Amino acid sequence: MIKKIYLAGGCFWGVEKYFSSIDGVVNTSVGYANGKTLNPTYEDVCYKDSGHAETIEIEYDDNLINLEFLLEMYFKIIDPTSLNRQGPDVGTQYRTGIYYLNETDKPIILKSIENLQKDYNDFILVEVKPLEHYFKAEEYHQKYLDKNPNGYCHIPKNFFDLAKQNNKKE
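Here is a short report on the structure shown in this document. This is a predicted model, so every value here is computed, not measured. (Residues numbered from 1 in each chain as written. Predicted model: local features only at pLDDT ≥ 70, side-chain atom pairs only at ≥ 80, totals over all residues. Heavy atoms only, no water.)

## Structural notes on the overall build of the protein
Step number 1: Along the protein, the regular secondary structure elements total six helices and eight strands.
Step number 2: Sequence-ordered secondary structure for the protein, helices as α and strands as β, is β-α-β-α-β-α-β-β-β-α-β-β-α-α.
Step number 3: Here the protein has a C-alpha radius of gyration of 15 Å; the compact-globule value for 170 residues is 15 Å, and the two agree.
Step number 4: Viewed in the frame of its principal axes, the protein has a C-alpha envelope of about 40 × 35 × 30 Å.
Step number 5: The 170 residues of the protein split such that 54% are buried. (Helix = DSSP H or I, 4+ residues; strand = E, 2+ residues; numbered from the N terminus. Rg over C-alpha atoms; globule rule 2.2 N^0.38 Å. Buried < 20%, exposed > 50% of the residue type's maximum accessible area, 1.4 Å probe, protein only.)

## Observations regarding the nonpolar core
Step number 1: Among the nonpolar cores identified, the biggest contains 43 residues, and Ile5, Phe19, Ile58 and Ile98 are the most heavily contacted of them.
Step number 2: Ranked by residue count, the leading element in this core is helix α3 (residues 67-75), at seven residues.
Step number 3: Apart from the residues lying within four places of it in its own chain, the contact partners of isoleucine 58 are Lys3, Lys4, Ile5, Leu7, Phe19, Val25, Asn27, Thr28 and Leu70.
Step number 4: Counting seven residues, the second largest nonpolar core, distinct from the first, contains Tyr6, Ala8, Ala33 and Ala53. (Core = buried A, V, L, I, M, F, W, Y, C linked by side-chain atoms within 4.5 Å. Contact = heavy atoms within 4.5 Å.)

## Focus on helix α1 (residues 12-20)
Step number 1: Judged by how many residues are buried, α1 sits mostly within the fold: seven of nine residues are covered.
Step number 2: Among all positions in α1, only Phe12, Trp13, Gly14, Val15, Glu16, Tyr18 and Phe19 are buried.
Step number 3: Tucked into the core, α1 has its buried residues touching β1 (2-9), β2 (25-33), β3 (53-61), α3, α5 (144-147) and α6 (158-165).

## Regarding the packing of α3 against helix α4 (residues 106-117)
Step number 1: The N-to-C vectors of α3 and α4 enclose an angle of 40°; their axes lie 10 Å apart at closest approach. As summarised for this structure, α3 and α4 are arranged oblique, according to the angle between their axes. As for how α3 packs across α4, the hand of that crossing is right-handed. On α4, the residues that touch Leu67, Glu68, Leu71 and Phe75 of α3 are Ile108, Ile109, Ser112, Ile113 and Leu116.
Step number 2: Looking at the contact of α3 with α4 residue by residue, the classes come out as seven nonpolar, one polar and one charged. (Axes fitted to C-alpha atoms, helices over the stretch in contact; angles between N-to-C directions. Parallel < 35°, antiparallel > 145°, perpendicular 65-115°, else oblique. Left-handed = near helix turned anticlockwise from the far one by under 90°. Nonpolar A, V, L, I, M, F, W, Y, C, P; charged D, E, K, R; others polar.)

## Structural notes on the pattern of salt bridges
Step number 1: Under the definition given, this model contains ten salt bridges.
Step number 2: One salt bridge in this structure joins aspartate 146 and lysine 17, with 2.6 Å as the shortest N-O distance. Of this pair, aspartate 146 sits in helix α5 while lysine 17 sits in helix α1, and the two are 129 residues apart along the sequence.
Step number 3: Counted as one network, the salt bridges with shared partners bring together Arg95, Glu127 and Lys129. (Salt bridge = Lys/Arg side-chain N within 4 Å of Asp/Glu carboxyl O.)

Structure (structure tokens):
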């Protein structure tokens, strides 16, 4: 069965590239989630206080991978204790967040956060909410690092290899 989850983890270009490298992820797109306005543009998100987070829509085959595995992979590329910042990118659009469609995903997400907290002295600041809305970003943002292999990314490039190597259901 194909399921969806929405993850915000800083600049969406690298997060999309990372997750698209995982077997069992059947489709990804980048967009803007859970903000205050409808149909925002990139400029709205960056400069007009729209409240949206740069977010990845992930469609995955739960016969091949599960949500716990995707969250484990997600936690490898974010600083879960950082508020409105990932790497050098600062602003509310770069906050971390897990946005779900199905209420049955919420206990899985909360358990993953609880387990993650054991590894940190500081509080985990990853936002966990139902998806309110998601607006696909402009076409030039889709698969950006495939189109621009030397483009900006706050995630070290060796993590893309890590994603390919971790292609297993746990």
